[in-house]
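Each chain is listed here by its residues.
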Amino acid sequence: MSTNAIAKRYAKALVQIGSEAGSVEGFNGELARFSAVLIDSNELSAIFANPAYGIEEKKEILKDLVGKLSISPMISNLLMLLLERSRISVLPQIAESYGVFADELSGVIRPTLSSGLPLDAAQVEEIKGALAKSTGKKVELKVVVDPALIGGVVTQIGDKVFDGSVRTQLANIQDILQKG
């Protein structure tokens, strides 16, 4: 089974548990925190992957981390299970999949808006409102300034891209002129 499929299974099960417990957002934050620690620390990842360290030593290290990061018992149990099954390295993918499932459950989309120039707050709110109205979901908008854009904006929602940039419009005009 692929790593991605494994991650999705764990994430989906955890979202269901989180939904029943009313802790979807809390679990999301805890997974993201622990995943960030795992990604940022090459030494920690190496210890968990190294067979020279026994499972009991790894559990003690994990317990210490869980205590320092104030991780809930549910996420702590998941981490122990992943450690015992030698799947702790899959945690970043589980956290990412969990975030996607949690957003679907709560009706949230997280589009990225790219513009050539910085946008003021009123413009961002107007775009956010339009996206919320067209999708019927709560919008958590990430705004990025891309100097490569001449003007206009490019919005990416998941795998869909809505390109209203001047660069693309000029390219379309050029195609039309070349084709005659």
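Everything below is about the structure shown above.
Residues numbered from 1 in each chain as written. Predicted model: local features only at pLDDT ≥ 70, side-chain atom pairs only at ≥ 80, totals over all residues. Heavy atoms only, no water.

1. Notes on the side chain of Asn28
Part 1 of the reasoning: The residue Asn28 is located in helix α2 (residues 24-40) in this model.
Part 2 of the reasoning: The exposure class of Asn28 is buried, given its relative accessible area of 15%.
Part 3 of the reasoning: Asn28 has contacts with Ala95, Tyr98 and Gly99, leaving out every residue within four places of it along the chain. (Helix = DSSP H or I, 4+ residues; strand = E, 2+ residues; numbered from the N terminus. Buried < 20%, exposed > 50% of the residue type's maximum accessible area, 1.4 Å probe, protein only. Contact = heavy atoms within 4.5 Å.)

2. Focus on the side chain of Lys58
Part 1 of the reasoning: Relative to the elements of secondary structure, Lys58 occurs in helix α4 (residues 55-68).
Part 2 of the reasoning: In this structure, Lys58 is buried with no salt-bridge partner, the nearest side chain bearing the opposite charge being Glu57 at 8.2 Å.
Part 3 of the reasoning: Looking at Lys58, its side chain comes within polar contact range of the main-chain oxygen of Asn50, at 3.1 Å.
Part 4 of the reasoning: The contacts of Lys58, once residues within four sequence positions are left out, are Ile47, Phe48, Ala49, Asn50, Pro51, Tyr53 and Leu83. (Lys, Arg positive; Asp, Glu negative; His and termini not counted. Salt bridge = Lys/Arg side-chain N within 4 Å of Asp/Glu carboxyl O. Polar contact = N/O pair within 3.5 Å; in protein donor to acceptor, adjacent residues only side chain to side chain.)

3. A short note on the environment of Leu65
Part 1 of the reasoning: With respect to the element layout, Leu65 can be found in helix α4.
Part 2 of the reasoning: Residue classification places Leu65 among the buried residues on the basis of a relative accessible area of 16%.
Part 3 of the reasoning: Measuring from C-alpha to C-alpha, the distance between Leu65 and Asn28 comes to 17 Å, with 37 residues separating the pair along the chain.
Part 4 of the reasoning: Discounting residues that sit within four places of it in the chain, Leu65 has contacts with Phe34, Val37, Leu44 and Phe48.

4. Side note on the packing of α2 against helix α5 (residues 73-84)
Part 1 of the reasoning: It is the contact of α2 with α5, at a shortest axis distance of 10 Å, that shows an interaxial angle of 45°. Taken together, the axis directions place α2 and α5 in an arrangement best described as oblique. Note on packing geometry: the crossing formed by α2 with α5 is right-handed. Mapping the contact onto sequence places Phe27, Glu30, Leu31 and Phe34 in α2 and Met74, Ile75, Leu78 and Leu79 in α5.
Part 2 of the reasoning: Of the residues that constitute the contact of α2 with α5, the class distribution is 7 nonpolar, no polar and 1 charged. (Axes fitted to C-alpha atoms, helices over the stretch in contact; angles between N-to-C directions. Parallel < 35°, antiparallel > 145°, perpendicular 65-115°, else oblique. Left-handed = near helix turned anticlockwise from the far one by under 90°. Nonpolar A, V, L, I, M, F, W, Y, C, P; charged D, E, K, R; others polar.)

Everything listed is a geometric property; what it means functionally is a separate question.
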